[in-house]
Amino acid sequence: MLSRRSLLRTGLSLAAIGMLQACSSPMRRPTSPTAAYPTMPLQNREITLLACSGSLPSATQRQHGIDRLQQAGFDVTNREAIDRQYQRFAGTDQQRLQDLNQLSQRQDMPRMLLAGRGGYGACRLLPDIDYARLCPMLKEAGTQIMGYSDFTAIQLALLAKGGVGSFAGPMLYSDFGGRNISPYTMQQFIQATTTPDWVVRSQTMQSVNDHGEGIFWGGNLSVLSSLVGSPYLPDIRGGLLFLEDVGEQPYRLERMLQQLYLAGILQRQRAIFLGDFSMGRIVDAYDAGYTLDSVIAQLRQQLKVPIFTGIPFGHIHDKTTLPLGYPARFNSSENGLELQFSDYTLQSTTGLTLENLLQGKL
């Protein structure tokens, strides 16, 4: 009988066959997932959508995301969540909260909880999430929780209140539903959620040669810093803290990092890892010569904790997938950086193909 590890690796190999040829294929309506994959247990192919933050304005883009997931063999549930709109949010606070709390009433848990998009609004839900019932069920079922940006608030709260890990990875609207879907993002998504030993590499030259281990955690800097002083920010010591953000001027990034420093959070980490901050044409309003590099240099002067850059994740088209709240090891040198993840939540690849995720240029 094959071991679980062997089954996972075999499934991953099958998933890679013909993976990129569908990039030029026309989008087609999916066949019934039940008919296509009759032996795949329901809980192993169910993705439940969460809309904890901003509304998803384009109906076409929402549907494209659902179609791609169905073509990959998933059952997509709670679709009504992504169609709602109240003010700037994907529904009222109570509706968005119910998406999470109703999970504790289920007999079985889905394979994955997938965030619709970011924006703003998740922090308004944190005090009323039923952590006592929900967290043990998520952990026991091994449900994968996927998202980033404003969804960081939900991920950090689940980790702080119940030790539930998650993934910083693609979301329905911008990634699965995007017009120009990223083969790199989809490949990383499949591998990270199905490979027993996941490795993320960056070729960015690092300023220090080092190695170590700890719990890899973090997410969006704006969201994380806003939770300082609340019970929804995990108290992780000796961890590997990951940070990314979008659309912030350098002085604002430094102010948020200084907040984490003044709260003693940065000093308690084994290492800090910076992803993409999508600076683009952003210029500091007070000093055009003050850049993200200036912010990093200042932080390095203050901290004895090593700071590494070049993690391929953020509000970017081509992003990796990062397990959050799980053990990791790192090795850095002038040749780049390597992160090794193990002992995190995995799922079988049965019925999941990159070819189907990449189906069509819309």
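Residues numbered from 1 in each chain as written. Predicted model: local features only at pLDDT ≥ 70, side-chain atom pairs only at ≥ 80, totals over all residues. Heavy atoms only, no water.

**As for the overall build of the protein**
Within the protein, the regular secondary structure consists of 13 helices and 13 strands. Residue burial in the protein is summarised as follows: out of 362 residues, 57% are buried. A separation threshold of at least 6 residues defines the contact pool for the protein, and within that pool the share at least 24 residues apart is 83%. Summed over all atoms, the accessible surface of the protein reaches about 15,300 Å², with 49% contributed by carbon and sulfur. (Helix = DSSP H or I, 4+ residues; strand = E, 2+ residues; numbered from the N terminus. Buried < 20%, exposed > 50% of the residue type's maximum accessible area, 1.4 Å probe, protein only. Contact = heavy atoms within 4.5 Å. Areas by Shrake-Rupley, 256 points an atom, 1.4 Å probe, with all protein chains shown as cover.)

**Observations concerning the pattern of salt bridges**
Within this structure, the stated rule accounts for 14 salt bridges. For aspartate 210, the salt bridge is made with arginine 270, and the minimal N-O distance between the two is 3.0 Å. Of the two residues, aspartate 210 is situated in strand β7 (residues 210–220) and arginine 270 in the loop between α11 (250–262) and β9 (271–274); the sequence distance between them amounts to 60 residues. The residue arginine 237 makes a salt bridge to aspartate 235 at a minimum N-O spacing of 3.4 Å. Here the salt bridges do not stand alone but share partners, grouping Glu46, Arg106 and Asp108 into one network. (Salt bridge = Lys/Arg side-chain N within 4 Å of Asp/Glu carboxyl O.)

**Thoughts on the pairing of β7**
Across the eleven residues of β7, eight count as buried, placing the element largely inside the fold. Of the pairings in the sheet, the one linking β7 to strand β8 (residues 240–244) comprises five bridges and is parallel in character. Looking at β8, one finds that phenylalanine 216 is bridged to leucine 240. (Pairing = 2+ DSSP bridges.)

**Examining the environment of phenylalanine 308**
In this fold, phenylalanine 308 is placed in strand β10 (residues 307–308). Considering only alpha carbons, one finds phenylalanine 308 and glutamine 206, 102 residues apart in sequence, at a separation of 6.4 Å. With near-sequence residues (within four places) excluded, phenylalanine 308 lies in contact with Gln206, Val208, Asp210, Ala271, Ile272, Phe273, Leu274, Phe330, Ser332 and Leu337.

**Brief notes about the nonpolar core**
Nonpolar side chains in soluble globular proteins generally cluster together in the buried interior. The biggest cluster of nonpolar side chains holds 96 residues, and the ones touching the most others in it are Phe216, Leu243 and Phe273. If you tally residues by element for this core, the top one is helix α7 (residues 152–162), at six residues. (Core = buried A, V, L, I, M, F, W, Y, C linked by side-chain atoms within 4.5 Å.)

**A few points about the confidence of the model for the protein**
Close reading of the predicted structure is inappropriate where its pLDDT is low. Looking at the protein, pLDDT values average 87 and 84% of them are 70 or higher. Below pLDDT 50 for its whole length, residues 1–43 participates in 82 contacts with residues either more than four positions away or in separate chains. (pLDDT = per-residue confidence, 0-100.)

**Quick word on helix α6 (residues 131–141)**
Buried within α6 are the following residues: Tyr131, Leu134, Cys135 and Leu138. Take α6 and look down its axis: the buried residues cluster within an arc of 95°, on one side only. Of the exposed residues in α6, the ones pointing more than 90 degrees away from its buried face are Ala132 and Glu140. Buried residues along α6 sit in contact with α5 (93–101), β3 (112–115), β4 (144–147) and α7. One or two residues past the end of α6 sits glycine 142, with phi positive at roughly 70°. (Arc of directions from axis to C-beta.)

**What about helix α12 (residues 292–302)?**
Inspection of α12 places Leu292, Val295, Ile296 and Leu299 among the buried residues, and these make up the whole buried set. End-on view of α12: buried residues confined to an arc of 95°, all on one side of the axis. Exposed residues on α12 whose side chains face more than 90 degrees from its buried face are Asp293 and Gln301. Buried-residue contacts for α12 involve α11, β9 and β10.

**A few points about the packing of aromatic side chains**
In total, this model carries 15 aromatic pairs according to the counting rule given. Relative to phenylalanine 189, the ring of phenylalanine 176 lies with its centre 5.2 Å away and its plane at 80°, an arrangement referred to as edge-to-face. With phenylalanine 176 in helix α8 (residues 172–176) and phenylalanine 189 in helix α9 (residues 183–194), this pair connects stretches of sequence that are 13 residues apart. Its relative accessible area of 1% is what places phenylalanine 189 among the buried residues. Pairwise contacts between aromatic rings join Tyr148, Phe216, Phe242, Phe273, Phe308, Phe313, Phe330 and Phe341 into one cluster. (Phe/Tyr/Trp six-rings, centres within 6.5 Å; stacked < 30°, edge-to-face > 60°.)

**Side note on the sheet that holds strand β13 (residues 336–341)**
In sheet architecture, strand pairing relies on hydrogen bonds along the backbone and comes in two forms, parallel and antiparallel. Read across the open sheet, the seven strands follow the order β6-β13-β12-β7-β8-β9-β10; overall the sheet is mixed. At either end of the open sheet lies a strand with only one pairing partner, and these are β6 (198–202) and β10.

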